[in-house]
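Descriptive structure summary
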Amino acid sequence: MNNFRAEIQTMKQAPLDAESTLCHWRVKQFLEKLNRQPHNKVLDLNNCALVATDIKELIAILPLLPDLQELDLSWNDFVGGALQSLTLQFSHTQKLKVLRLNNCRLTAKDVTFLGEALEVIPYLEILDLSWNNNIGRNLSSLTEKIPKGYNLKTLKVTDCNLTMEDGKSLAQVLNRIQWLEELDLSINKSIGCSLKSIAQELKYVPGLKVLNLHMCGLKQDGFQCLDDAFQYLPELKKLEVSCNKDIGGGFQNSAAHLAHLSDLEVLDLHQCCITEEDMAVLTQIIPLLSSLQELDLSSNKSVGLSSDNLLSRFRFLPKLKSVFLSNCSLQQNSFASLGKAVSETYSAFSYPCLPSIDCQMWEGLGQ
């Protein structure tokens, strides 16, 4: 009787093994055609020049990858317009944690279909939709579908032509993605008009570690609202507000809570039209950022006119590794202060190597 049962079990197992082998062969054949290595958890088709027939094959093999955790289709134009068929297969890849669709020419309908698919990929942690212009004016089609308590930790929408209304729709969803650790809204020049709404909701993402607002059309009033939000972001490690020229002159009224970011490691303020008055404020605040490792004040002409006091306080920053002061109109006295500051810091904290300092286009050095 035992032998008979064993034979029956073997007969049942044989078709399953054959089916598994066939599935593996189909996936391997598809990936080899694209010069990619098969992996049951990662499907990286970034910049593979996928054509329409490749997309159809991809749609066919997704159900064969139930353990898939990372899918990268970035820089493939034909993905745009095909997302409905692709997302219908996400029910077979419910373990998906990373989805990258950079520069895929996504359409407005694609954004809607992606939003509708979020409920079947509940473990998604990283969503990168950067460089898709049609997300602008359509972001709400995605954000409105994000379930409460969603596990998303990283959201990147760089250069997506986001509007003020998109910013407001993003603000409304922050209380549903409370585990968010990285938010990248860079190179969306119109979103600065809605930063007040976004800043007010940042209190719902206290674990935020990276906030990128590079070239977002940020104004002084928006920066002031952002400063108010800093008190709710104790774990923030990287703050980038570079290339927002209109915040220059507003640090006196907009930087009160910046000093409380004790975990901040990177502060990027390059090309922000920082004034001498701003530098006076930053001279008081920056030395209090005890975890700071990288500071970028490049392309702010007034830095060179009032940098001596700040440079002399670098000795209070034991973890500082890189300072960028390019194109800051630094003068010879600044050079002396900088040299002294580096020497004192090196002696005080016994650095294994000197901090990296970039002072290109130093106009006063040879005078």
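Residues numbered from 1 in each chain as written. Predicted model: local features only at pLDDT ≥ 70, side-chain atom pairs only at ≥ 80, totals over all residues. Heavy atoms only, no water.

**Examining the overall build of the chain**
We count it as follows: A helix here means a DSSP run of H or I that spans at least four residues, while a strand means a run of E at least two residues long, and both kinds are numbered starting from the N terminus. Each residue is assigned to one of three classes by its accessible area relative to the maximum for its type, calculated with a 1.4 Å probe on protein chains only: buried under 20%, partly exposed between the two thresholds, exposed over 50%. Residue contacts follow a heavy-atom distance rule, with two residues in contact if any of their heavy atoms lie within 4.5 Å.
Of the regular secondary structure elements, the chain holds twelve helices and twelve strands. Split into buried and exposed, the 367 residues of the chain put 47% on the buried side. Considering only contacts within the chain whose residues lie at least 6 apart along the sequence, 87% involve residues at least 24 apart.

**Brief notes about the nonpolar core**
To keep things clear, this is the line we draw: Among the buried residues, those of types Ala, Val, Leu, Ile, Met, Phe, Trp, Tyr and Cys that are joined through side-chain atoms within 4.5 Å form a nonpolar core.
In terms of nonpolar packing, the biggest core is built from 103 residues, with Leu 45, Leu 101 and Leu 185 touching the most fellow members. Among residues more than four places away in sequence, those in contact with Leu 101 are Leu 73, Ser 74, Val 79, Leu 83, Leu 106, Leu 114, Asp 128, Leu 129, Ser 130 and Asn 132.

**Topic: the confidence of the model for the chain**
In regions of low pLDDT, the predicted coordinates are not meant to be interpreted in detail. Rules: pLDDT measures how confident the predictor is about each residue, on a scale from 0 to 100.
Scored by pLDDT, the chain has a mean of 89; 86% of the residues are at 70 or more. Low pLDDT, under 50, characterises residues 10–14; the predicted model gives this stretch zero contacts beyond four residues in sequence or across chains. In the predicted structure, residues 362–367 sits below a pLDDT of 50 and forms 18 contacts with residues beyond four places in sequence or in another chain.

**Some thoughts on the sheet that holds strand β2 (residues 70–72)**
Under the convention used in this document: Strands are labelled as partners when DSSP assigns at least two bridges between them. Convention adopted: a line fitted to C-alpha atoms gives each axis, helices being fitted over their contacting stretch, and angles between N-to-C directions are expressed from 0 to 180 degrees.
Read across the open sheet, the twelve strands follow the order β1-β2-β3-β4-β5-β6-β7-β8-β9-β10-β11-β12; overall the sheet is parallel. Every interior strand has two partners, whereas the edge strands, β1 (42–44) and β12 (356–358), have only one. On average, adjacent strands in this sheet sit at an angle of 5 degrees to one another, irrespective of strand direction. Judged from the three bridges that link them, strand β6 (residues 182–184) and strand β7 (residues 210–212) form a sheet pairing that is parallel. Bridged to Glu 182 within β7 is Val 210.

**Considerations on the packing of aromatic side chains**
Operational definition: Here a Phe, Tyr or Trp ring, Trp counted by its six-membered ring, pairs with any other such ring whose centre lies within 6.5 Å, and the pair is stacked when the planes are under 30 degrees apart, edge-to-face when over 60, and tilted otherwise.
The final tally for this structure, using the stated rule, is two aromatic pairs. Ring centres of Trp 75 and Trp 131 lie 5.9 Å apart, and the angle between their planes is 40 degrees; this geometry places the pair in the tilted category. Of the two residues, Trp 75 sits in the loop between β2 and α3 (83–87) while Trp 131 sits in the loop between β4 (126–128) and α5 (140–143), which places them 56 residues apart along the sequence.

**Side note on unusual backbone geometry**
In this model, Cys 243 sits at a positive phi of 60 degrees, which is unusual for a non-glycine residue. Its place among the elements puts Cys 243 in the loop between β8 (238–240) and α9 (251–254). Classification of Cys 243 as buried rests on a relative accessible area of 16%. At Cys 273, a position not held by glycine, the phi torsion is positive, near 55 degrees. For Cys 273, the position within the fold is in the loop between β9 (266–268) and α10 (276–285). Relative accessible area serves as the criterion here: at 41%, Cys 273 is assigned to the partly exposed category.

**Some words on the pattern of salt bridges**
Here is the rule: Salt bridges are identified by distance alone: a Lys or Arg side-chain nitrogen within 4 Å of an Asp or Glu carboxyl oxygen.
Applying the stated rule across the entire model yields eleven salt bridges. For Lys 33, the salt bridge is made with Glu 57, and the minimal N-O distance between the two is 2.5 Å. Of the two residues, Lys 33 is situated in helix α1 (residues 2–33) and Glu 57 in helix α2 (residues 52–61); the sequence distance between them amounts to 24 residues. On the accessibility criterion, Lys 33 (46% relative accessible area) is partly exposed. Take Glu 57: its relative accessible area is 34%, and that puts it in the partly exposed class. In this structure, Lys 95 engages Asp 67 in a salt bridge whose closest nitrogen and oxygen atoms are separated by 2.9 Å. Here Lys 95 is found in the loop between α3 and β3 (98–100), whereas its partner Asp 67 is found in the loop between α2 and β2, with 28 residues between them in sequence. Residue Lys 95 is classed as partly exposed on the basis of its relative accessible area of 42%. Three or more residues are tied together by salt bridges with common partners; here these are Lys 33, Asp 54 and Glu 57.

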